Amino acid sequence: MIVWYEQLLGATVPALMAAAFLIPIMTLATKCAKLYHYYASTIAAFAALSTVLTYKYVVDNGTLVYFFGGWFPPVGIIYEVDQFSALLGAVTGTVMLAVTVYSRWYLGDHEGVAWYYTMLLGLEAGMLGSLYTGDVFNLFVMLEVMSVSAYGLVAYHRRTKEAVEAALKYSLIGATATTIYFLALLFIYGSFGTLNMADIALRVSTSAGLPIGRFVPQNPGLISLGASIALALSLWVFMVKSAVFPTHFWLPDAHPAAPSPVSAALSGLFVNVGLYAIARFIHTIFGGYSGIDTTVQALSYSLLILGGVSAIIASTAMITQYDIKRLIAYSTVMHTGLIASAIALGTPEGMYAATYHITTHAVGKALLFLSAGALVKVMGSRYLSDLSGAQKYAPVASAGALMAAMSLIGLPPFGGFFSKLALYKAFVDAGQVWMVAVILVSSALALMAYMKLVHTMFFRLPKTEAPERVTAPANAAMIALIIGIIVLGVLYPLINQYFITSGASVLDRLGYISAAVRALTSYFGGGA
Amino acid sequence: MNWVELLLYLFAVAVFPGFVFLSLLGTFTEWIERKVAARAQNRMGPTYVGPMGLLQPIADILKLLWAKELVISRGFSWRVTLFLVSTGVMALSASTLLMPISPIRLSTPLDSLVLVYVLFYSTLGFLAIGFSSPSPFGVVGSSRMLSIVCVVEPAAAISIYAISAALTGMGTASVSEAMTAQVGLQQSPALVLGGVSLFLVMMAKSLLKPFDIPEAETEVAGGVVADVGGPLLGMFRILHDMEAAFLALLLTLLVLRGPYPFSYADPLGWVLIGVKFVLVVLAATTLSASLGRLRIEQGVALLGKHSLLASIAALGAAALNYYVVA
Amino acid sequence: MVDPGTLGLIFSVTALVGGLILAVIVAVTKRGVRETEPYLCGESEADFSDSISPSATEVQWGLEKTLSSWVSFVRTKIHTGVIDDWWSLMIAWAAILLIVSVVRGWVWP
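All figures in this text were calculated on a predicted structure; none of them were measured in a lab. (Residues numbered from 1 in each chain as written. Chains lettered and ligands numbered in written order. Predicted model: local features only at pLDDT ≥ 70, side-chain atom pairs only at ≥ 80, totals over all residues. Heavy atoms only, no water.)

1. Considerations on the overall build of chain C
Link 1 in the chain: Assigned secondary structure in chain C consists of five helices and three strands.
Link 2 in the chain: If you list the helices and strands of chain C from N to C, you get α-β-β-β-α-α-α-α.
Link 3 in the chain: Looking at the 109 residues of chain C, the share that counts as buried comes to 41%.
Link 4 in the chain: When the accessible surface of chain C is totalled, it reaches about 6,100 Å², and 65% of it is carbon and sulfur. (Helix = DSSP H or I, 4+ residues; strand = E, 2+ residues; numbered from the N terminus. Buried < 20%, exposed > 50% of the residue type's maximum accessible area, 1.4 Å probe, protein only. Areas by Shrake-Rupley, 256 points an atom, 1.4 Å probe, with all protein chains shown as cover.)

Put into structure tokens, the structure is as follows:
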């Protein structure tokens, strides 16, 4: 018995993929750019609706499990969506809708529009698939889907040297990372004989496994070593994907080189997948395993410290930037560092803070990149000093950039204040008081960088007449995100609860396992 | 929150200890500063309005507020700047509700950090006024102010948090409760270090002498307001005075322990608060009158060493006391 | 007792709404507006003030000069822009992770 919401969940990612690969076929028939704009916006609207409905269903009814093609785990691939992945999925879906609508103005009649949307929809499919999947190998596939789309999108302006260089660097680092993740999968399969997340979690805690499975662990010592190595390797990979300190170098090159809507998707959403995977691996899958408890602790602690280092280094780099998009890209490194530190705490407060901050950062950063993109396109330059007086020509984009910057600094009543407060509370309650100083100092350095932006946009006089104006749909996309960043703050007393439960669901290992077991038993129509 | 509480809240924000009280206290602070600076230079200082010229700053500000607005034809919208400065004033007014002198006290865990973020509105007003003026002096003033703010804001935040945490516990860290908490000997290192840091923060934020770097090279007034006049300048003066008074009051109540050894219920305690407040302002202004201005990088470095590092040391002392000793 | 987020919300809304009211009062009660050409501390001034004002890439000068050694360390030692330098840091970190995982995962408790 499969009901409509499960169908919807199961359909979302394959439908996005199919829609993406339909575009190259469509190019054989028509080259009309307008068609692709409407087509991609429709698909993105469907994805936004479906992800939000999925989140609503998961909030009301608990973790949702879907067997692909009716194949049961551990043989088949399952989607297991708890509140954490559903919330991130909903954020991804809605922000991607804004990004897609905005792309219509940004790209116009550019010749490569069809290929752009192929990769953009592929990126969305990959991100949603990575967030929803309950299978570590499927995660690998979806990471590849999302990363390969991202490499292509970074190289979209293929006639500029900068984009090609950035895409090359990015793809070299990214491909190495995904390959190493494959290596980690070998260790996982060798140790546990399964690739299903719930199954692994069950085996590491009880060494029993799902009702269906024939693997019996022979040598506990070797399994612990294998799991430990797998965890270390995958942590490295996910740190690359989420750009935490020693593995973040590709980001400040790659994100600014991409077209601005893509930068918004990469900086606001792409890095979330890495953070999500870190949380999932450290807490849900390997969290309760006595054999590698010490490894998890050591890795968590190093992640905590590196997150702090990341924030300080990135905020220092921010103050000297003269390229608006590069400045914002460094800010992404800073915020992912803070979120990674919060995830590393492993406390309910830490996960609540991380979830809240991921959400406010995703909306704020997407807004900042979209606004910056509008300013860059309108003023015709990425240099901060050439953007002077931009508020006269692009008022909505300037207001958006201002509000996003204020939210990222943490000024109340924008969303960023409340998520930063949650971060403070999490670090203080976990006894990591030094992180309070780290957040404050890095925010102050970021303030300097954002004030450069605000200064040039609002307070300087325009030098030249701007050739272009922002159209209504693009403005609407930015206004929607502005409303989002205000709502995330002003409605704090109402929405707070959702972030608490979403964060807690990562730490609820038993709930994650039992949801899979329950789905399996009900699938076979009876108790097992 | 019923409507009686709402009215009381509005009264507290608008009158006591909010806008009216704090702005009067601010003009009094400015009077002390001007008097001390004048005496140090063998001048009289304000004498004309009120006894000993006590009402002179009020007269100055009222004159400015009722003056004609001077609008420079191609500058940034002065209405928006006025709004930003007013927001800073009201943020300061609202923040006084954390103090025990307020008829209603709002107190929550971690309100020390909330206070710092709300106070940032006043900094924003300071910065906006210089950046928005078309004069290069105003922009230079604000950019120097910004460099100082980047060191002073975290220093203020960390020291307020550290003191609150030392007195009320790491997880609570309520500045409101810290003002009435008992102090033991083991909390004093955090209190002293945080106090030193906060004192420097107060001097830097009130643009007192070694840190009045935004004024360098403009030599007119106030650096950031080199080319600002009329009501906007009046509002800026109110904001500047209120911020100085607020920080001095915070130092008095948080670091110098307010009415100690009396209590808030005792009239003598209130007298003592007044005495301590005047002493704090006198100390800052005397220091200011006897020092010369620093260069920008010297000033930022000095603040970094003696304010930011002191605040981090205070945080360390508080953490040591909380996790190791207690 | 409210929670800190709500306190921040109350304070910031008070500041914004109160600031708006205050700004309107001040703007209404003033005597009038006199619009002038740009001027420089009383001197009349042509269009050059914009060119001698610090631009967006110069406002951080004071802070950057104070932190110059740290900033140049970040710019020349960490963010070099050369992928080989990045690899050395990334691989070193991967090696540390592997060593930690082997050392801590080896012994079955």
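2. Looking at the side chain of threonine 521 of chain A
All names here are of chain A.
Link 1 in the chain: One can find threonine 521 in helix α20 (residues 509-523).
Link 2 in the chain: Look at threonine 521 and you get buried, because its relative accessible area is 17%.
Link 3 in the chain: One polar contact links the side chain of threonine 521 to the main-chain carbonyl oxygen of arginine 518, over a distance of 2.8 Å. (Polar contact = N/O pair within 3.5 Å; in protein donor to acceptor, adjacent residues only side chain to side chain.)

3. Comments concerning the domain arrangement of chain C
Link 1 in the chain: Domain boundaries in chain C define domain 1 (1-33) and domain 2 (79-109).
Link 2 in the chain: Summarising the inter-unit geometry, the C-alpha centres of domain 1 of chain C and domain 2 of chain C are found 52 Å apart. (Domains from an automatic or database assignment.)

4. Things to note about the side chain of asparagine 272 of chain A
Link 1 in the chain: When you line up the elements, asparagine 272 of chain A lands in helix α10 (residues 260-285).
Link 2 in the chain: On the accessibility criterion, asparagine 272 of chain A (3% relative accessible area) is buried.

5. Topic: helix α15 (residues 395-409) of chain A
All names here are of chain A.
Link 1 in the chain: Given a rise of 1.5 Å per residue, 15 residues ought to cover 21 Å, and the 21 Å separating the end C-alpha atoms of α15 matches this to within 8%.
Link 2 in the chain: Turning to α15, its buried residues number three or more, namely Ala397, Ser398, Gly400, Ala401, Ala404, Ala405, Met406, Ser407, Leu408 and Ile409.
Link 3 in the chain: Once α15 ends, the next one or two residues include glycine 410, with phi positive near 110°. (Expected span 1.5 Å × (residues − 1).)

6. Considerations on the interface of chain C and chain B
Link 1 in the chain: Facing the 45 residues of chain C at the interface are 53 residues of chain B.
Link 2 in the chain: Taken over both partners, the interface formed by chain C and chain B buries close to 4,300 Å², and the fraction arising from carbon and sulfur atoms is 74%.
Link 3 in the chain: Counting across the interface, chain C meets chain B through zero salt bridges.
Link 4 in the chain: The interface formed by chain C and chain B includes two residue pairs in polar contact (both at pLDDT 80 or more). (Contact = heavy atoms within 4.5 Å. Buried area = accessible area lost by both parts, 1.4 Å probe. Salt bridge = Lys/Arg side-chain N within 4 Å of Asp/Glu carboxyl O.)

7. What about the interface of chain A and chain C?
Link 1 in the chain: Counting from both sides, the interface comprises 61 residues of chain A and, opposite them, 43 residues of chain C.
Link 2 in the chain: Interface area for chain A against chain C, summed over the two sides, is near 4,500 Å², with a carbon-plus-sulfur share of 76%.
Link 3 in the chain: When the area that chain A buries against chain C is broken down by residue, the three leading residues are Trp236, Phe249 and Arg460 of chain A, summing to 15%.
Link 4 in the chain: One can count zero salt bridges joining chain A with chain C.
Link 5 in the chain: Joining chain A to chain C, the criterion identifies eight residue pairs in polar contact (both at pLDDT 80 or more).
Link 6 in the chain: When contributions to the side of chain A that touches chain C are tallied by element, the ones reaching two or more residues are α6 (161-192), α8 (220-242), α9 (250-257), α11 (293-319), α16 (415-429), α17 (434-459), α18 (472-490) and α19 (492-507) of chain A.
Link 7 in the chain: Of the residues forming the side of chain A that touches chain C, the biggest block, twelve residues, is contributed by α8 of chain A.
Link 8 in the chain: For the side of chain A that touches chain C, the per-class residue count stands at 38 nonpolar, 18 polar and five charged. (Nonpolar A, V, L, I, M, F, W, Y, C, P; charged D, E, K, R; others polar.)

8. Considering a nonpolar patch on the surface
Link 1 in the chain: Taken together, the side chains of Ile479, Ile483, Ile486, Val487, Val490, Leu491 and Leu494 of chain A present a nonpolar region at the surface, about 540 Å² in accessible area.
Link 2 in the chain: Sorting elements by how many residues they give to the nonpolar patch places α18 of chain A first, with five residues. (Patch = residues over 30% accessible without salt bridge, like charges linked within 9 Å, V, L, I, M, F, W, Y side chains within 5 Å.)

9. Observations concerning the packing of helix α4 (residues 78-95) of chain B against helix α5 (residues 111-131) of chain B
All names here are of chain B.
Link 1 in the chain: Following both chains from N to C, one finds α4 and α5 inclined at 150°, their axes separated by 8 Å at the closest point. Considering their axes alone, α4 and α5 lie roughly antiparallel with respect to each other. Seen along the crossing, α4 lies across α5 with a hand that is left-handed. Between α4, through Thr81, Leu84, Val85, Thr87, Gly88, Ala91, Leu92 and Ser95, and α5, the contact on the second element is made entirely by Leu115, Val118, Leu119, Tyr121, Ser122, Gly125, Ala128 and Ile129.
Link 2 in the chain: Of the residues that constitute the contact of α4 with α5, the class distribution is ten nonpolar, six polar and no charged. (Axes fitted to C-alpha atoms, helices over the stretch in contact; angles between N-to-C directions. Parallel < 35°, antiparallel > 145°, perpendicular 65-115°, else oblique. Left-handed = near helix turned anticlockwise from the far one by under 90°.)

10. Section: α11 of chain A
For an α-helix, 3.6 residues make a turn, and residues three or four places apart therefore share a direction.
Link 1 in the chain: With 27 residues, α11 of chain A ought to run about 39 Å at 1.5 Å a step, and its terminal C-alpha atoms sit 40 Å apart, in line with that.
Link 2 in the chain: Most of α11 of chain A is tucked away, with 20 of its 27 residues classed as buried.

11. Some details on the pattern of salt bridges
Residues and elements named next belong to chain A.
Link 1 in the chain: Enumeration over the complete set of coordinates arrives at 19 salt bridges over all chains.
Link 2 in the chain: A salt bridge links aspartate 253 to lysine 169, with the nearest nitrogen and oxygen atoms 2.9 Å apart. Of this pair, aspartate 253 sits in helix α9 while lysine 169 sits in helix α6, and the two are 84 residues apart along the sequence. Like aspartate 253, the residue lysine 169 is buried in the burial classification.
Link 3 in the chain: Across the pair aspartate 253 and arginine 326 runs a salt bridge, and its minimum N-O distance is 3.0 Å. Here arginine 326 lies in helix α12 (residues 324-345) and aspartate 253 lies in helix α9, a separation of 73 residues in the sequence.
Link 4 in the chain: One continuous salt-bridge network, built from bridges that share partners, spans Glu165, Lys169, Asp253 and Arg326.

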